[in-house]
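# Structural description and commentary
Given next are the chains, with one letter for each unit.
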Amino acid sequence: AASGGAGGRGYWGLRPQTPKPAKPTPNTRDGQNLTLDSIIMNNIIQQLAADFAAVFDGKPWYGSNYRQLISDITPEEALELPANGHSIVRILWHMVKWRKALSERLLGNTSYRTSDGDPDNWRDTATLDAQSWDEAKKQYDALQEVIVSELRLRNDAFLDIEFLPGKTYRWLAFGVLHHDLYHLGQIALLKNIIRAKN
């Protein structure tokens, strides 16, 4: 018979091959030991990390990334005060503050606290100068590295952990990403207004 044969051989006299189980892939973080199966289910957090990367220096769907938007803004343009009182440098420091709120918690500092009422949420314009513009960009870049690298180390289940009652990492991480997009739009608009006027 076509399917018979000694020793349980199948077609063409070959032994049927039993697929080997996938080997666990070592990946530990926060006490978790992740297998290949669990890593496959980490699409959300890996996409979130990819979105942070795209907004920073990749190819976001909406157009120019952060680096392209910021790279040619001069200190004079960054410090120019529009009618609403929020200069480009002031907005960038505001973004840095909330990126730090995410970064500190990703690094394990769950006791880190920040508030809308903090003095550095919207910095006093009298304290801002060309040096503070350079420092804001430097800190934004450093926090980018922390956020993306730390998110890539985790799985989707991490996103639903609460760092405060009712506040999950999903809520915070997506919130910071959306916050960046909102204020990058403001910076792009201010940049165009300042250049059109000058």
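Rules used in this analysis
Residues numbered from 1 in each chain as written. Predicted model: local features only at pLDDT ≥ 70, side-chain atom pairs only at ≥ 80, totals over all residues. Heavy atoms only, no water. Core = buried A, V, L, I, M, F, W, Y, C linked by side-chain atoms within 4.5 Å. Buried < 20%, exposed > 50% of the residue type's maximum accessible area, 1.4 Å probe, protein only. Helix = DSSP H or I, 4+ residues; strand = E, 2+ residues; numbered from the N terminus. Contact = heavy atoms within 4.5 Å. Expected span 1.5 Å × (residues − 1). Polar contact = N/O pair within 3.5 Å; in protein donor to acceptor, adjacent residues only side chain to side chain. Salt bridge = Lys/Arg side-chain N within 4 Å of Asp/Glu carboxyl O. Lys, Arg positive; Asp, Glu negative; His and termini not counted.

## Structural notes on the nonpolar core
Phe 52, Ile 88, Leu 102, Trp 133, Leu 151 and Ile 187 are the most contacted members of the largest nonpolar core, which totals 40 residues. Of all the secondary structure elements, the ones that give two or more residues to this core are helix H2 (43–57), helix H3 (66–70), helix H5 (88–106), helix H6 (130–152) and helix H7 (169–197). The residues contacting Ile 88, other than those within four sequence positions of it, are Ile 73, Glu 77, Ala 78, Trp 133, Ile 187, Leu 190, Lys 191 and Ile 194.

## So, H6
Given a rise of 1.5 Å per residue, 23 residues ought to cover 33 Å, and the 34 Å separating the end C-alpha atoms of H6 matches this to within 8%. All of the buried residues along H6 are Ser 132, Trp 133, Ala 136, Tyr 140, Leu 143, Gln 144, Val 146, Ile 147, Val 148, Glu 150 and Leu 151. Measuring from the backbone nitrogen of Gln 131 back to the side-chain oxygen at the start of H6 gives 3.1 Å, which picks out Asp 129 as the cap.

## Some words on the pattern of salt bridges
Tallied over the entire structure, the rule returns 11 salt bridges. Put simply, Asp 72, Glu 77, Lys 191 and Arg 195 are held in one network by salt bridges that share partners.

## Quick look at the side chain of Asp 156
Following the sequence through the fold, Asp 156 ends up in the loop between H6 and strand S3 (162–164). The charged side chain of Asp 156 is buried without a salt bridge, its nearest counter-charge being Arg 170 at 6.6 Å. Among the polar contacts made by the side chain of Asp 156, one reaches the main-chain amide nitrogen of Ile 44 at a distance of 3.3 Å.

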